[in-house]
Protein chains: 2
Amino acid sequence: MKVGKESFKIESDVRITSTYTIAGPMEGNGNFGSYYDIVLENDEWGCDSHEKCETKMHKEAIKGVMEKAKATDESVDMLFGGDLLNQIIATSYSARDFDISYVGLYGACSTFGLSLAVGAMLIGGNYIRNGIVCTSSHYATAERQYRYPLELGTQPTPSSQWTVTGAGASFLEASSDRTYPKITGVTIGRVIDMGINDANNMGAAMAPSCADTIMQHLSDFGRDAEYYDMIISGDLGKYGRQVLHYLCKQNGYELANVLNDAGAMIYNNSQKKSVQGGSGAGCSSIVFNSYFYKEMMRGNFKKILLVPTGALLSKIETLQGETIPAVSHAIAIEMDD
Amino acid sequence: MKVGKESFKIESDVRITSTYTIAGPMEGNGNFGSYYDIVLENDEWGCDSHEKCETKMHKEAIKGVMEKAKATDESVDMLFGGDLLNQIIATSYSARDFDISYVGLYGACSTFGLSLAVGAMLIGGNYIRNGIVCTSSHYATAERQYRYPLELGTQPTPSSQWTVTGAGASFLEASSDRTYPKITGVTIGRVIDMGINDANNMGAAMAPSCADTIMQHLSDFGRDAEYYDMIISGDLGKYGRQVLHYLCKQNGYELANVLNDAGAMIYNNSQKKSVQGGSGAGCSSIVFNSYFYKEMMRGNFKKILLVPTGALLSKIETLQGETIPAVSHAIAIEMDD
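Residues numbered from 1 in each chain as written. Chains lettered and ligands numbered in written order. Predicted model: local features only at pLDDT ≥ 70, side-chain atom pairs only at ≥ 80, totals over all residues. Heavy atoms only, no water.

Enquirer: Explain helix H7 (residues 237-250) of chain B here, please?
Expert: Residue pairs spaced three or four apart in an α-helix point in one direction, given the helix's 3.6 residues per turn. Residue and element names in this part refer to chain B. Between its first and last C-alpha atoms H7 spans 20 Å; for 14 residues at 1.5 Å apiece the expected length is 20 Å, and the two agree. Every buried residue of H7 is listed here: Gly237, Gly240, Val243, Leu244, Leu247 and Cys248. For H7, the angular spread of the buried residues around the axis is 130°, confining them to a single face. Exposed side chains of H7 directed beyond 90 degrees from the buried face belong to Gln242, Tyr246 and Gln250. Looking at the buried side of H7, the elements it contacts are helix H6 (202-221), strand S11 (230-233), strand S12 (259-261) and helix H8 (262-266). Once H7 finishes, glycine 252 follows within two positions and takes phi at roughly 90°, a positive value. (Helix = DSSP H or I, 4+ residues; strand = E, 2+ residues; numbered from the N terminus. Expected span 1.5 Å × (residues − 1). Buried < 20%, exposed > 50% of the residue type's maximum accessible area, 1.4 Å probe, protein only. Arc of directions from axis to C-beta. Contact = heavy atoms within 4.5 Å.)

Set out below in structure tokens:
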């Protein structure tokens, strides 16, 4: 059911009944190392290219969540997901190994949120009984595609973020089992472009869109920010999180007590080369599917709002002098009382 | 409601109440020139890059269909769509000009089908009342990105297709007005890879996936091929259409009387440089939204099955020696009796 301008209430019980995460070595040394199902020892995982490694991570994350959910190709109704590579190949090349209807989505680093939203609505609308959402990213593939070959050793700018190497999968299903978190509502954002044209400052480019979606969500559902134990923005990084906080405050929404950012949380302070924190379609996906999911299951969070954010740029548009549009989607995930 | 393995019945009335198409000069000289809303005089449309031209076409197609549907940003619930450019920039850069929730999808040349399917299910599931589906492609942007710079004057191979320059938009809405075609069912395909690795022979790469989706659709709904006045495969081209016909026949489905292909139909026989016919995310979209839509409205087709097909390759996977996975989605579009 539509609520307000951009939000949708999921009226039936759509729950996340299993998750699976695979993280790179640097992510393994970060704040959530013990929460991931697999931490890779290196960035190749036995593959002869980083693209093939990302594809393997994506595929193994789908397999891993299917195993946990005791699901088979026959019992799963739909695969949802995407990644940052051109033509979302990590996702599509993974999908060919499953006999499951495939929906490819693209929202840059917001893809995890978009995929959860579409999956939850299709289960809520009684089209499918279950579905798998998986998104991924890889530091080396993203650097090569969006920026410079790693071999150049280019210095990151102070505003830059580190693309997360990781793949995270969620198993969504219609279930009345109250021990699992439930997707109760989603807000599908519009595209916002405030004229930022620095591709090394994604936090600033995405924060206005994130603020827009969070405020729209709270307004559509008539909630205060503190309805949630935590609002987790996608991958704005430390600076972007400040911008988001400022923009919301200016518009009368004080998020100080509840706001955090998946990108700002994923690495620890000793990991200086991450600069502002993590980013990438795998970032909010592995942070949610490991730490937040497990802590919700343990009762340490009751209600969270996950707001993955995406910068919809491409190298070619940046070279042609374009600014960076962004989009963010909000997913309300709650435990039954 | 799910029907069989990969299909979904759309139980409420979801109709296509307006369409809008913009075509390039070569498409204007093809078989459906008089059916397009706008035919461009050249491939730039006053823009300083072909990517910007594709983005303008995409945006103007959305605007055009909104004008026909007398819709505003406030009255439209959701934008769906995608294109072939890296990071689907034609779609995302168009979306920033509308204050409408945005769902970016990627299925290569099958994106029009995927977007219609997701849009129809979200309307059928009572989440949204209406939505706009738009996909586009441009010969010059696709050549540059997937193959060679046009300046090289590279000779096409005999199996190659010509990427369509065009953008087509459909306005979907919950409506009981029986004068408009209705989306009655959809089949969301799985990814099929039969080991074709020639990026200049997309018809062969996509035909097995198209055959799989068509046979699954007919089996899921318990229909004969001749239930439909016409089954229109996405952009297999002339050779790919033969492969599709052969594969279905081998499996006991005779499509001879009903099968046609949007790519094989779009250009006329004097347009030799198109070789096997058209392709691209704009191909099935402008062929359906112009010719088929208008002829359905005139009563000349009652029931069609549109099956856009997509080759999920990227340049980097081809260079790394990978084969080409493909996906196809079937959309049943019918007039009330």
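Still more to cover.
Enquirer: Looking at this structure, I do not really get unusual backbone geometry. What am I missing?
Expert: With the exception of glycine, most residues fall at negative phi, and the peptide bonds are largely trans. All names here are of chain B. Here glutamine 87, not a glycine, exhibits a phi torsion of approximately 60°, which is positive. On the secondary structure map, glutamine 87 appears in the loop between strand S5 (78-83) and helix H3 (89-95). Even without glycine at this site, asparagine 126 takes up a positive phi of about 65°. Looking at where asparagine 126 falls in the secondary structure, it is placed in the loop between helix H4 (111-124) and strand S7 (130-137). Judged by relative accessible area, which is 60%, asparagine 126 ranks as exposed.

Enquirer: Help me understand the pattern of salt bridges in this model?
Expert: Any two side chains of opposite charge can pair, on the condition that their charged atoms come close. For the structure shown, the criterion picks out 46 salt bridges over all chains. Taking the shortest distance from any N to any O, the salt bridge between aspartate 13 of chain B and lysine 182 of chain B comes out at 3.3 Å. Taken as a pair, aspartate 13 of chain B in the loop between strand S2 (7-9) and strand S3 (14-23) and lysine 182 of chain B in strand S10 (residues 182-188) lie far apart in primary sequence, 169 residues in all. When its relative accessible area of 17% is taken as the criterion, lysine 182 of chain B is described as buried. Note that arginine 178 of chain B is salt-bridged to aspartate 336 of chain B, the shortest N-O span being 3.9 Å. With a gap of 158 residues between them, arginine 178 of chain B in the loop between strand S9 (166-174) and S10 and aspartate 336 of chain B in the segment after strand S16 (326-334) connect regions that are remote in the sequence. Looking at aspartate 336 of chain B, the relative accessible area reads 16%, which means it is buried. Where salt bridges share partners, they join Lys5, Glu6, Arg190 and Asp212 of chain A together with Asp99 of chain B into one cluster. (Salt bridge = Lys/Arg side-chain N within 4 Å of Asp/Glu carboxyl O.)

Enquirer: Mind showing me how you'd approach the interface of chain A and chain B here?
Expert: One frequent convention defines the size of an interface as the accessible area lost when the parts assemble. Counting residues at the interface gives 63 residues for chain A, matched by 63 residues for chain B. For the interface between chain A and chain B, the tally reads 10 salt bridges. Linking glutamate 322 of chain B and lysine 52 of chain A is a salt bridge whose minimum nitrogen-to-oxygen distance equals 3.9 Å. Between the two partners, chain A and chain B, sit 32 residue pairs in polar contact (both at pLDDT 80 or more). For the side of chain A that touches chain B, the secondary structure elements donating two or more residues are strand S2 (7-9), helix H2 (50-68), helix H3 (89-95), strand S6 (102-104), helix H4 (111-124), helix H5 (139-146), helix H10 (315-319) and strand S16 (326-334) of chain A. Looking at which element gives the most residues to the side of chain A that touches chain B, the answer is H4 of chain A, with 6 residues. Residue classes in the side of chain A that touches chain B are distributed as 32 nonpolar, 16 polar and 15 charged. (Polar contact = N/O pair within 3.5 Å; in protein donor to acceptor, adjacent residues only side chain to side chain. Nonpolar A, V, L, I, M, F, W, Y, C, P; charged D, E, K, R; others polar.)

Enquirer: How do you make sense of empty space enclosed by the protein when you look at a structure like this?
Expert: Summed over the entire model, instances satisfying the criterion amount to 4 cavities of 30 Å³ or more. Taken as a whole, the largest cavity holds about 60 Å³ of empty space. Its residues assigned to classes, the lining of the largest cavity shows 7 nonpolar, 3 polar and no charged. (1 Å grid on protein atoms, 1.4 Å probe; cavity = no way out; pocket = protein on both sides within 12 Å on 5 of 7 lines; lining within 4 Å. Points joined across faces, edges and corners; volume = space filled by probe spheres on them.)

Everything listed here is a matter of coordinates, which is why it stays silent on function.
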